[in-house]
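For reference, the chains in residue letters:
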Amino acid sequence: MLLNGIHIENSYAEAFDMKATRLIVTADTPAWARHAGMAATGFATSVIACGCEAGIERELAPDETPDGRPGVALLFFATGRGVLGKQVETRLGQCILTCPGTACFSGVPRGAREDLVPMGQKLRYFGDGQQMSKLLDGRRYWRIPVMDGEFLCEESSWSVPAVGGGNLLILADARMAALEAAEAAADAMRAVPNVVLPFPGGVVRSGSKIGAKYKGMPASTNDAYCPTLRGLPRSRLPAEVESVLEIVIDGLSAADVAAAMTAGLACLIGRGRGSGIWGVTAGNYGGKLGRHHFHLHELLS
Amino acid sequence: MSVLSFRLKGPLPGRIDASSLLPYRLAALNLSEIAALPLRFGRSHVAAGDLFDLSGSPGDTVELEGDGRLDFVGAGLDGGTIRVAGPLGHRAGTGMSGGTLLVEGSAGLAAGAAMRGGVLYIGGDAGCELGGALPGERTGMTGGRILVQGNVGDRAGERMRRGLIAIGGNAGAYAALHMNAGSLLVGGKPGAAIGHGMRNGTILLRDEIDPLPGFADCGLNQLPFLSLLDKHLFGLDGVPPACRGLTGRARRWLGDRGFGGRGELLACV
């Protein structure tokens, strides 16, 4: 399919079922909420080695937060509830508790007991016996004395079903063209609710395939899309493509991921062939690993 | 929504136990059965129909004309609404676990004692032992909300463990005596020995006080949970105006340290 001069490959993104939760972090100023959010969702690009994938979903105005202060909404994705709980616990303790003036709340509706993701429930012990709790509207909040006052933290959050691994591959004539296109597409996709783009700036340059020639490597470079190897038989790149960038999307539902991918596609197509974009495709593993398939042509129809 | 109304026929002959007039219990009966319902009166009983004129139909709401000698109204209430025009006697809403008891007038002793859930609203004053413990019990209120517009007597919130008591007026002596947890708000002036023996929980006041010597002055603090509590109260009906607007800084005392307690007295000025 050729739209606005851009090749849209008849391919699909293969995404996986994950478990996710949303935390709301507030602080005295938007900047300090952002600091906490950036730290807590740092080193969370891929479950391959980070334990979870996370990002700042969006910034929140004071009237959108439980305590009436500016904040950020963070989304965390992991392969299961257990590892999600562990990741949230350590990130909350090391990155949000430590950040001046913050408070932290659950950003998902109350769930079942087996979906519990502990927050203050574990962190309260930092209070060393001086912690206090308050039960308001059926939700428990912990107040932990810290050096700048009190850290206010909801007792727990809950994991919700989620979809991780939606993606777009942007094929461009030149590296800067690919980068500018990816930046614009990432901006458009971030505007979609319930999704995060976990990689730096939302963009990945080292897309991976499963397995490697070396033992013990679960993933290795996606050589079919490496322009320096485009003369090899297994290359999937045409001669004119000199740079490929990927955008990975994690969302709370398949519909959210699809909406983000559609927004990204629309942005890329809108830029046109003249901006240096040769084409767009998506990554998959033959359809056997992930339950969710996002066909590019279907997203555009 | 069907409403069943009880109008007093005349002055009550004495103290009456009205604990059986609960909406969901009456909903299973027809009017003549309700009129025949025996209410405890001293060592004997008196039929409800002898004391009250009944009208309306049984359902989730009971309207009651109040009297200072009508005791145990809404005791054990677990759902529905009881609206009382006028005052009530003792033990209104004791042990209630759900539903709403709205009293336009004042309530006597031990209103909302051992409450576990639901809402008790008192438009006038309340007597001693508001939201306290039943005699001999180690635990008082364990949930729900008590909202009093006027003044209350001594020992409000005694042995409280969970829930919220908001008092618009003044509190008597020994408020939150041996409090275990929960929140007690006093919009007016607190009486003597507030928080005596408290182990945990929060007492909120609107003015600085000179607490018992067992309380350690922790100075002025900015407490983020206060804005959360204020927002919570803002969303509730019937919270006394003096208990609203709890933002900003608060002086904090920790105690009662004479009892190994680490509860807090907060003065939100």
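The shown structure was predicted, so the numbers you read here are calculated from the model rather than taken from an experiment.

**Examining the overall build of chain A**
A tally of regular secondary structure across chain A gives six helices and 19 strands. For 301 residues, the compact-globule estimate of 2.2 N^0.38 gives 19 Å, and the C-alpha radius of gyration of chain A, at 21 Å, lies within 12% of that figure. The dimensions of chain A, computed from C-alpha atoms along their principal axes, are 65 × 40 × 30 Å. Going through the 301 residues of chain A one by one, you find that 53% of them count as buried. Long-range pairs, those at least 24 residues apart, make up 74% of the contacts in chain A between residues at least 6 apart in sequence. The averaged location of the 30 negative side-chain charges in chain A is 6 Å from the averaged location of its 29 positive side-chain charges.

**Things to note about helix α4 (residues 175–190) of chain A**
Residues and elements named next belong to chain A. A rise of 1.5 Å per residue sets the reference length of α4, with its 16 residues, at 22 Å; its end C-alpha atoms lie 22 Å apart and thus fit the reference within 8%. Within α4, burial applies to Ala177, Ala178, Ala181, Ala182, Ala185, Ala186 and Met189. Around the axis of α4, the buried residues are gathered within 155° of arc, so they sit on the same side. Close packing links the buried residues of α4 with β12 (160–172), β13 (195–196), β14 (203–204), β17 (243–251), α5 (254–271) and β18 (277–281).

**Side note on the interface of chain B and chain A**
Counting residues at the interface gives 18 residues for chain B and 18 residues for chain A. Summing both sides of the interface, chain B and chain A together bury roughly 1,500 Å²; the carbon and sulfur share of this comes to 58%. Three residues, Pro224, Leu228 and Arg262 of chain B, lead the burial of chain B against chain A; their summed loss comes to 37% of the area buried on that side. Put simply, chain B and chain A have one salt bridge between them. Taking the shortest distance from any N to any O, the salt bridge between Glu264 of chain B and Arg143 of chain A comes out at 2.5 Å.

**Side note on the domain arrangement of chain B**
All names here are of chain B. Each assigned domain of chain B is listed with its residue range as follows: domain 1 (9–58) and domain 2 (66–268). Here the C-alpha centre of domain 2 lies 30 Å away from the C-alpha centre of domain 1. Taken together, the 14 residues of domain 1 in the interface contact 18 residues of domain 2. Taking both sides of the interface into account, the surface hidden between domain 1 and domain 2 amounts to around 1,200 Å²; carbon and sulfur atoms contribute 59%. Broken down residue by residue, the surface that domain 1 buries against domain 2 is led by Leu12, Arg15 and Leu22, which jointly contribute 43%. For the pair domain 1 and domain 2, the interface holds one salt bridge. Linking domain 1 with domain 2 are seven residue pairs in polar contact (both at pLDDT 80 or more), by the criterion used here. Breaking the side of domain 1 that touches domain 2 down by element, the ones donating at least two residues are β2 (16–17) and α1 (23–26).

**Here's the deal with the pairing of strand β4 (residues 44–47) of chain B**
Side chains on a regular strand alternate between the two faces of the sheet. Residue and element names in this part refer to chain B. Here four bridges tie strand β3 (residues 38–41) to β4, and the two strands are oriented antiparallel to one another. Across the sheet, residue Pro38 finds its bridge partner in β4, namely Ala47. In this structure, the hairpin formed by β3 and β4 is closed by a connection of two residues, where Gly42 is found at a positive phi of approximately 60°.

**Points about a nonpolar patch on the surface**
All names here are of chain A. Where nonpolar side chains cluster on the molecular surface, the patch consists of Ile210, Tyr285 and Leu289 and spans about 290 Å² of accessible area. Checked against the element boundaries, Ile210 lands in strand β15 (residues 208–210). A residue is classified by how much of its surface remains accessible, and Ile210, at 52% relative accessible area, is exposed.

**Thoughts on the packing of α4 of chain A against α5 of chain A**
All names here are of chain A. Direction vectors running N to C along α4 and α5 enclose 140°, while the axes themselves pass 8 Å from each other. One way to sum up the angle between α4 and α5 is to call them oblique. Seen along the crossing, α4 lies across α5 with a hand that is right-handed. Of the residues in α5, those touching α4 at Glu180, Ala181, Ala184, Ala185, Ala188 and Met189 are Ala260, Met261, Ala263, Gly264, Cys267, Leu268 and Arg271. In the contact of α4 with α5, the residues fall into 10 nonpolar, one polar and two charged.

**Focus: the domain arrangement of chain A**
Residue and element names in this part refer to chain A. In terms of domains, chain A is made up of domain 1 (2–14 + 163–300) and domain 2 (19–160). Placing the centre of domain 1 and that of domain 2 at their C-alpha centroids yields a distance of 31 Å. With 14 residues of domain 1 at the interface, the matching set in domain 2 holds 14 residues. Summing both partners gives a buried area of about 990 Å² for domain 1 against domain 2, and 66% of it is carried by carbon and sulfur. Per-residue buried area on domain 1 facing domain 2 is highest for Val196, Pro198 and Leu252; these three make up 46% of the total on that side. Inspection of the region where domain 1 meets domain 2 yields zero salt bridges. Across the contact surface, domain 1 and domain 2 share two residue pairs in polar contact (both at pLDDT 80 or more). Counting residues per element, the ones that place at least two in the side of domain 1 that touches domain 2 are β13 and β17. Among the residues forming the side of domain 1 that touches domain 2, the class breakdown is nine nonpolar, three polar and two charged.

**Quick look at the pairing of β17 of chain A**
Residues and elements named next belong to chain A. Across the nine residues that make up β17, a large majority, nine, are buried. The side-chain alternation of β17 yields two buried faces, one formed by Ser243, Leu245, Ile247, Ile249 and Gly251 and the other by Val244, Glu246, Val248 and Asp250. Where β13 and β17 come together, two bridges link them in antiparallel fashion. In the strand pairing of β17, Val196 is matched with Asp250. Of the pairings in the sheet, the one linking β14 to β17 comprises two bridges and is antiparallel in character. Each residue of the ladder has a partner; that of Val204, found in β17, is Glu246.

What counts and what doesn't
- Residues numbered from 1 in each chain as written.
- Chains lettered and ligands numbered in written order.
- Predicted model: local features only at pLDDT ≥ 70, side-chain atom pairs only at ≥ 80, totals over all residues.
- Heavy atoms only, no water.
- Helix = DSSP H or I, 4+ residues; strand = E, 2+ residues; numbered from the N terminus.
- Rg over C-alpha atoms; globule rule 2.2 N^0.38 Å.
- Buried < 20%, exposed > 50% of the residue type's maximum accessible area, 1.4 Å probe, protein only.
- Contact = heavy atoms within 4.5 Å.
- Lys, Arg positive; Asp, Glu negative; His and termini not counted.
- Charge placed at Lys NZ, Arg CZ, Asp CG, Glu CD.
- Expected span 1.5 Å × (residues − 1).
- Arc of directions from axis to C-beta.
- Buried area = accessible area lost by both parts, 1.4 Å probe.
- Salt bridge = Lys/Arg side-chain N within 4 Å of Asp/Glu carboxyl O.
- Domains from an automatic or database assignment.
- Polar contact = N/O pair within 3.5 Å; in protein donor to acceptor, adjacent residues only side chain to side chain.
- Pairing = 2+ DSSP bridges.
- Patch = residues over 30% accessible without salt bridge, like charges linked within 9 Å, V, L, I, M, F, W, Y side chains within 5 Å.
- Areas by Shrake-Rupley, 256 points an atom, 1.4 Å probe, with all protein chains shown as cover.
- Axes fitted to C-alpha atoms, helices over the stretch in contact; angles between N-to-C directions.
- Parallel < 35°, antiparallel > 145°, perpendicular 65-115°, else oblique.
- Left-handed = near helix turned anticlockwise from the far one by under 90°.
- Nonpolar A, V, L, I, M, F, W, Y, C, P; charged D, E, K, R; others polar.

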